[in-house]
Each structure stands twice: as C-alpha cells, then as structure tokens.
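Summary of the model geometry
Okay, here's what each chain looks like letter by letter:
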Amino acid sequence: MATIRDVARLANVSVATVSNALNNAGRVSPELLARVRAAVDKLGYAPDAAARSLRKGASRLIGLIVGDITNPFFADLFEAVEDAAAARGYLVLLLNSNERVEREEAHLRMLRSQRIDGLILAPTGAVSMNRAALLAALEIPVVLVDRAMDGLGYDAVVLDNHRAGHAATTYILGHGHRRIGLINGPDVVRTAADRLQGYREALIGAGIGFDPALVRDAAFQEQAAYDAAIDLLGGAEPPTAILAANNKMTIGALRALADLGLACPGDVSIVGIDDLPWAEAVTPRLTMVAQPVRAMGEAALERVVERIAGSLVTPATTRVMAPRLVARNSCAAPPRARVIHDR
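If you're wondering where the values come from, they're calculated on a predicted model, not measured in any experiment.

**Quick notes on the sheet that holds strand β5 (residues 155-159)**
Read from one edge to the other, the open sheet built from 6 strands follows the order β2-β1-β3-β4-β5-β11, with strand pairing classed as parallel. The outermost strands of the open sheet, each flanked by one partner alone, are β2 (91-96) and β11 (318-321). Within this sheet the neighbouring strands show an average axis-to-axis angle of 15°, counted without direction. Where strand β3 (residues 118-121) meets strand β4 (residues 142-145), 3 bridges bridge the pair, whose relative direction is parallel. Bridging from a neighbouring strand, Ile-120 pairs with Val-143 of β4. Docked against the sheet, helix α12 (residues 293-309) engages β1 (61-66), β3, β4, β5 and β11, running at close to 175° with respect to β5.

Structure, rendered in structure tokens:
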C-alpha cells in the first residue's frame, strides 16, 4: 500500500508539501498541488484516517445508533443524518440495536474504541443506569433523536408524539367511530407512552371512556401487530377502526385484515403513524401521520456538530417537531354491523 513518502518521491516534493497539499491546499502552489494530486491518483494513495485522527485529536466520525434499520423511518433518518454530515465534512458510523437493550449497550461499549467525535442515539427500552454510565464513559457530545429520555441530560430532537396520537384519534372519531383499537409500542418507551396518552385524551375529550382492552403492545414490530390485530378483531366487541402507532405495525394490521377477509375501510378503518413512501400506491391509499424525519435528522446532526465544536455551551434542550396528518382513503364511517368469519 502506497505511503506518503511514495507520493512525495513520485511528485518530487517533500513529505511536508504532500501533507500541506492534502490538508490545506491553499498553502501549496497550483503547480505543486497538481503534481501531488497526480501522484496520489497514480499510486492510489489514501491517508490513514486513524493516524490522522490521533494527530489532530478528531476523527470527523459521528456514530448513529438506530432502533430498527428495517423500519423505513430509521432508514430515512440515516439518509438525512449522513447527507447533513457529509456537507460538514463528517462520516457516519451506523449501528442497529434491533430494539434490544443488550445490543445497544454492546454498541456503546464498542464505540469507546472507535474515536468518534459525537453520537446520535435513538435509544431503545427504558431509562437505565447502565446506559447512562456507558454514555458518560464515551466523554463525547450525545444527541438523542426520535426518543427522549428524562434524566440523561442530553439534547434531543423528537416528534410531538402526544399530538400525533391525539390528532390521529380525533380524525378517526370525526368519522363516527367509537371503538378504536390502538396497536402501540411498549409503554416504557417515551414515544409509545406519549402516543398512548394522546389517544386516551382524545377519547376522553370526545366523551368516550378509555378502554384498556382495546390497546395492544406490539413492540413496534409487524408480526406482533398482525397478531394484535387478529386478537382485537376476533373479540366479542371488535373495534371498527385501528390506530397503528408506527409504519411497520400499520403493515401488520393491514395483513391481518386481509387474512380475516375484511375490507379497509369498508369493514375496518386504519390510520397509521409514520408515513410510508408507498402509502399512495396501495388501495386504499393510507391515511398516516407523517413525521418530518429529514428535518429531525438534520437538526440532530447540527446540534451534535455544535457541541463537538464547542460553539454551544447552553444546557441541553429538547426540540419538539410537529406531526402532519395526511388524510387519504383508509378511514371512513364505521359499518352498521358486520360479522367476522373464521380464517
């Protein structure tokens, strides 16, 4: 593998000139810069990023831990963070916790040896002393995204999840539904807890009592949501509408309706949270509550870079972004009566 000395020898310049050309082209004449670049191209030379980070004290690398990379929301979040990071000269190291606390903690231990400059974390599970200790041991700026956690003392960028749950439920109520099922994530996750509270308050505000029998925890997963919808719709008093609290659970609920031979929205209305790129390409077109995922990713990246640079010395803050209900065709008035047949 070519070294910086090989480049200097081929370009007939000093090692210092090669270093200046690679790191600060303005300090090198156009003629020398052209010779160095030609030598770099010919030899295929690539600077040792690890060694350079040791010398400069910065790696230009930011870690990003997400809850589930198969979830389109997190895929879009990564794209937004990576684009914003590239514009500022940073690379992004992507890690997936798969919604497992132990995997997230393993990633945090590993990152201690990676010399990242900052971390953006979408935490999974409940607040824990172990996570707090692992984050503190990194001794770098940390920004939470999508899911805030009280007591950690870090900046956060999140959706107004209470508003999302409330807006979706209010929209369903507006079509005349009174029995609305909620397929949610675990209530130890702040995102799910806030969406549940919004759902509950919308029902109470409409003069409808909150019925915990209509709520299921599907852990934000498609298959668990499928099972939850089958269970809800097979009950003695099934809901006439379902609110699925993320995109993967929306897919699971739709699969359940199909397997039960039920039409959406003719038999059961469905509204989901987290818009999907193909929500307008299916029949019916899905009514969803959209998150400003690109803006959230860009804001999280901007905040962690500000903390890295030391240009922001204020206490940690939480930036809350507004959801947007996208009304399509998957929610309609409830049927007068229906019978669910065995599968």
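**Points about unusual backbone geometry**
Of the consecutive residues Cys-264 and Pro-265, the connecting peptide bond is found in the cis state with omega at 5°. Of note, Pro-265 is situated in the loop between α11 (247-259) and β9 (269-273). The omega torsion across Thr-283 and Pro-284 is 0°, close enough to zero to call that bond cis. Mapped onto the elements, Pro-284 comes out in the loop between β9 and β10 (287-290). Residue Asn-98 is not a glycine yet carries a positive backbone phi of 55°. Relative to the assigned elements, Asn-98 resides in the loop between β2 and α6 (101-111).

**Describing the packing of helix α10 (residues 222-233) against α11**
How two helices pack is summed up by the angle between their axes together with the distance between the axes. Relative orientation of the contacting elements α10 and α11 amounts to 45°, with a least axis distance of 7 Å. When the interaxial angle is binned, α10 and α11 end up oblique. Both α10 and α11 take part in a crossing whose hand is right-handed. Contact residues: α10 offers Glu-222, Gln-223, Ala-225, Tyr-226, Ala-229, Ile-230 and Leu-233, while α11 offers Lys-248, Met-249, Ile-251, Gly-252, Ala-253, Arg-255, Ala-256, Leu-257 and Asp-259.

**A word on the packing of helix α1 (residues 4-11) against helix α3 (residues 30-43)**
At a minimum axis distance of 9 Å, the contact between α1 and α3 shows a crossing angle of 125°. Overall, the two elements α1 and α3 adopt an arrangement that is oblique. In terms of crossing hand, the pair formed by α1 and α3 is right-handed. Residues Asp-6, Val-7, Leu-10 and Ala-11 of α1 pack against Arg-35, Val-36, Ala-39, Val-40, Lys-42 and Leu-43 of α3. Grouping the constituent residues of the contact of α1 with α3 by class yields 7 nonpolar, no polar and 3 charged.

**A short note on the side chain of Asn-161**
With respect to the helices and strands, the residue Asn-161 is situated in helix α8 (residues 161-173). Take Asn-161: its relative accessible area is 4%, and that puts it in the buried class. Contacts of Asn-161, omitting those with residues within four sequence positions, involve Asp-146, Thr-191, Asp-194 and Arg-195.

**Examining the pairing of β3**
Judged by which residues are buried, β3 turns out to be covered on both faces: Gly-118 and Ile-120 on one side and Leu-119 and Leu-121 on the other are all buried. Pairing of β1 with β3, which is carried by 4 bridges, proceeds in the parallel orientation. By the bridge assignment, Gly-63 is partnered in β3 with Leu-119. Between the parallel elements β3 and β4, the chain passes through helix α7 (residues 129-138) in a crossover that is right-handed.

**Some thoughts on the environment of Gln-223**
Considering the arrangement of structural elements, one finds Gln-223 in helix α10. Using a relative accessible area of 41% as the deciding quantity, one classes Gln-223 as partly exposed. When the C-alpha positions of Gln-223 and Met-249 are compared, they lie 7.8 Å apart, and in sequence the two are 26 residues distant.

**Quick look at the nonpolar core**
Grouped together as the largest cluster of nonpolar side chains are 43 residues, with contacts concentrated most on Ile-183, Tyr-199, Leu-243 and Met-249. Only α8, β6 (180-184), α9 (190-205), α10, β8 (241-244), α11 and β9 provide two or more residues apiece to this core. With 6 residues, the single largest contributor to this core is α10. Each residue touching Ile-183, except ones within four places of it in the same chain, is listed here: Arg-216, Ala-218, Ala-225, Ala-228, Ala-229, Leu-232, Ile-242, Leu-243, Ala-244, Ala-245, Met-249 and Ala-253.

Reading the values: rules and limits
Residues numbered from 1 in each chain as written. Predicted model: local features only at pLDDT ≥ 70, side-chain atom pairs only at ≥ 80, totals over all residues. Heavy atoms only, no water. Pairing = 2+ DSSP bridges. Helix = DSSP H or I, 4+ residues; strand = E, 2+ residues; numbered from the N terminus. Axes fitted to C-alpha atoms, helices over the stretch in contact; angles between N-to-C directions. Contact = heavy atoms within 4.5 Å. Parallel < 35°, antiparallel > 145°, perpendicular 65-115°, else oblique. Left-handed = near helix turned anticlockwise from the far one by under 90°. Nonpolar A, V, L, I, M, F, W, Y, C, P; charged D, E, K, R; others polar. Buried < 20%, exposed > 50% of the residue type's maximum accessible area, 1.4 Å probe, protein only. Right-handed = clockwise from strand over helix to strand, strands pointing away. Core = buried A, V, L, I, M, F, W, Y, C linked by side-chain atoms within 4.5 Å.

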